[in-house]
Amino acid sequence: MSYLEPSEFVTKMVDSGESKIFMSTKDTLIRAIMAGAILGLAAMFAITVAFKTGSPLIGALLFPVGFIMLYLMKFDLLTGVFMLVPLALLDKRPGVTFPGLLRNWGLVFLGNLMGALTVAFMMSFVLTYGYSIDPGALGAKVASIGEARTLGYQAHGLEGWLTVFIRGMLCNWMVAMGVVGAMVSSSTTGKIVAMWMPVMLFFFMGFEHSIVNMFLFPFSMIMGGDFAVSDYLLWNELPTALGNLVGGFLFVGLPLYYTHVKTSAERAKNA
């Protein structure tokens, strides 16, 4: 797999975060749009496979295809920049500022949303032949998923909101491991294997991914899901995004940075 040592790939993580701060608006937006679109299509693929085979495991096994495609093309997901960009700020790279970090996050969020919504519209159009027929059992299934993951959480109040938040943390713990996986090997095969495993885990476990949800919930509403945009934002997207932010940075970015870049002195050996 041409494995790189942590001291090498963690430095690459900081370099990557720095490069995203200084990327042009055009490049940032286009890369984010493509990432949101590809991930939305991958989510639709996995849901369709799971529905038709009756096996959520098979859907989870295949979902990472989209994640791998977008990262090999160097497209950007909000979940990835949540983990990478703060490292450049923490490392005090020249010219890296907090407003620059927020600019990057905002542009990537906007681009991911645009891409995800585009695919949600395209898939809904395809399933209904231009909204002229009923979407059938698959459409009903997607509608029920949207309801369960908004109103279902709402029914539990604060505990439901915190559940989404923690699922968001767990999700980006795994997704950030996938982002790092793309850096641990210098071979394409090694990158694919290292990315595949944690992404499969998050999808099968039903953890919450803010970009997948940018596709899933608008698509669910078009398919007849009985919930409002405000339900989606308050009871899913907001806690999911916050959980993604905390989980990726706290469980992946910080431990790797502080133990492989900002290392402490070794303990003295006993005489």
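Keep in mind that what you see is a predicted model, and the values were worked out from it rather than measured. (Residues numbered from 1 in each chain as written. Predicted model: local features only at pLDDT ≥ 70, side-chain atom pairs only at ≥ 80, totals over all residues. Heavy atoms only, no water.)

Caption draft 1: How the structure looks around the pattern of salt bridges. Enumeration over the complete set of coordinates arrives at six salt bridges. Between Asp-91 and Arg-93 there is a salt bridge, with the nearest N and O atoms lying 2.8 Å from each other. The shortest N-O distance in the salt bridge between Arg-149 and Glu-208 comes to 2.8 Å. In this pair, Arg-149 sits in the loop between α7 (136-148) and α8 (151-154) while Glu-208 sits in the loop between α10 (188-204) and α11 (210-222), placing the two residues 59 residues apart along the sequence. Where salt bridges share partners, they join Asp-15, Glu-18, Asp-91 and Arg-93 into one cluster. (Salt bridge = Lys/Arg side-chain N within 4 Å of Asp/Glu carboxyl O. Helix = DSSP H or I, 4+ residues; strand = E, 2+ residues; numbered from the N terminus.)

Caption draft 2: The arrangement of the packing of helix α9 (residues 157-181) against helix α12 (residues 229-260) in detail. Interhelical geometry of α9 versus α12 gives an angle of 45° and a closest axis separation of 6 Å. By the angle between their axes, α9 is oblique relative to α12. Handedness of the α9/α12 crossing: right-handed. Residues that form the contact of α9 with α12 fall into these classes: 18 nonpolar, nine polar and no charged. (Axes fitted to C-alpha atoms, helices over the stretch in contact; angles between N-to-C directions. Parallel < 35°, antiparallel > 145°, perpendicular 65-115°, else oblique. Left-handed = near helix turned anticlockwise from the far one by under 90°. Nonpolar A, V, L, I, M, F, W, Y, C, P; charged D, E, K, R; others polar.)

Caption draft 3: Just the layout of surface pockets, in detail. Empty space within the largest pocket amounts to approximately 440 Å³. Considering the residues around the largest pocket, the lining is formed by 20 residues, among which Ile-47, Ala-50, Ile-145, Arg-149 and Phe-203 are closest to the centre. Listed by contribution, the elements that provide at least two residues to the lining of the largest pocket are α2 (25-53), α3 (56-62), α7, α10 and α11. If you add up the space inside the second largest pocket, you get close to 310 Å³. (1 Å grid on protein atoms, 1.4 Å probe; cavity = no way out; pocket = protein on both sides within 12 Å on 5 of 7 lines; lining within 4 Å. Points joined across faces, edges and corners; volume = space filled by probe spheres on them.)

Caption draft 4: Region of interest: the environment of Leu-70. Its place among the elements puts Leu-70 in helix α4 (residues 64-72). Assessed through its relative accessible area of 0%, Leu-70 is described here as buried. Each C-alpha atom of the pair Leu-70 and Arg-31 lies 8.9 Å from the other, and the pair is 39 residues apart in sequence. Leaving out residues up to four positions away in the same chain, Leu-70 has contacts with Ala-35, Ile-38, Leu-39, Phe-75 and Leu-77. (Buried < 20%, exposed > 50% of the residue type's maximum accessible area, 1.4 Å probe, protein only. Contact = heavy atoms within 4.5 Å.)

Caption draft 5: Geometry of the environment of Val-229. With respect to the element layout, Val-229 can be found in helix α12. Val-229 sits in the partly exposed class, given a relative accessible area of 47%. Sequence spacing of Val-229 and Leu-216 is 13 residues, and the spatial spacing of their C-alpha atoms is 12 Å.

Caption draft 6: Highlighting the nonpolar core. Counting 69 residues, the largest nonpolar core has Met-13, Phe-63, Met-83, Phe-202 and Phe-215 as the members making the most contacts within it. For this core, the element with the highest residue contribution is α2, accounting for ten residues. Not counting residues up to four positions away in its chain, the partners in contact with Met-13 are Met-83, Leu-84, Leu-87, Val-180, Met-183 and Leu-256. (Core = buried A, V, L, I, M, F, W, Y, C linked by side-chain atoms within 4.5 Å.)

Caption draft 7: Spotlight on the packing of aromatic side chains. Scanning the entire structure with this criterion turns up 14 aromatic pairs. Ring geometry for Phe-121 and Phe-125: centres 5.9 Å apart, planes at 55°, overall tilted. One end of the pair is Phe-121 and the other is Phe-125, both in helix α6 (residues 98-128) and four residues apart, which spans about a single turn. Residue classification places Phe-121 among the partly exposed residues on the basis of a relative accessible area of 45%. The class of Phe-125 is partly exposed, set by a relative accessible area of 40%. Ring geometry for Trp-173 against Phe-251: centres 4.6 Å apart, planes inclined by 45°, an arrangement best described as tilted. Of this pair, Trp-173 sits in helix α9 while Phe-251 sits in helix α12, placing them 78 residues apart in sequence. Cluster of aromatic residues (ring-pair linked, three or more members): Phe-63, Phe-202 and Phe-203. (Phe/Tyr/Trp six-rings, centres within 6.5 Å; stacked < 30°, edge-to-face > 60°.)

Caption draft 8: Main features of α11. The end-to-end C-alpha distance of α11, which contains 13 residues, comes to 19 Å, matching closely the 18 Å that a straight helix rising 1.5 Å per residue would cover. Across the 13 residues of α11, eleven count as buried, placing the element largely inside the fold. Listed in full, the buried residues belonging to α11 are Ser-210, Ile-211, Val-212, Asn-213, Met-214, Phe-215, Leu-216, Phe-217, Pro-218, Phe-219 and Ser-220. On the buried face of α11, the contacting elements are α2, α5 (78-90), α6, α7, α10 and α12. Gly-224 occupies a position one or two residues after α11 and carries a positive phi of about 110°. (Expected span 1.5 Å × (residues − 1).)

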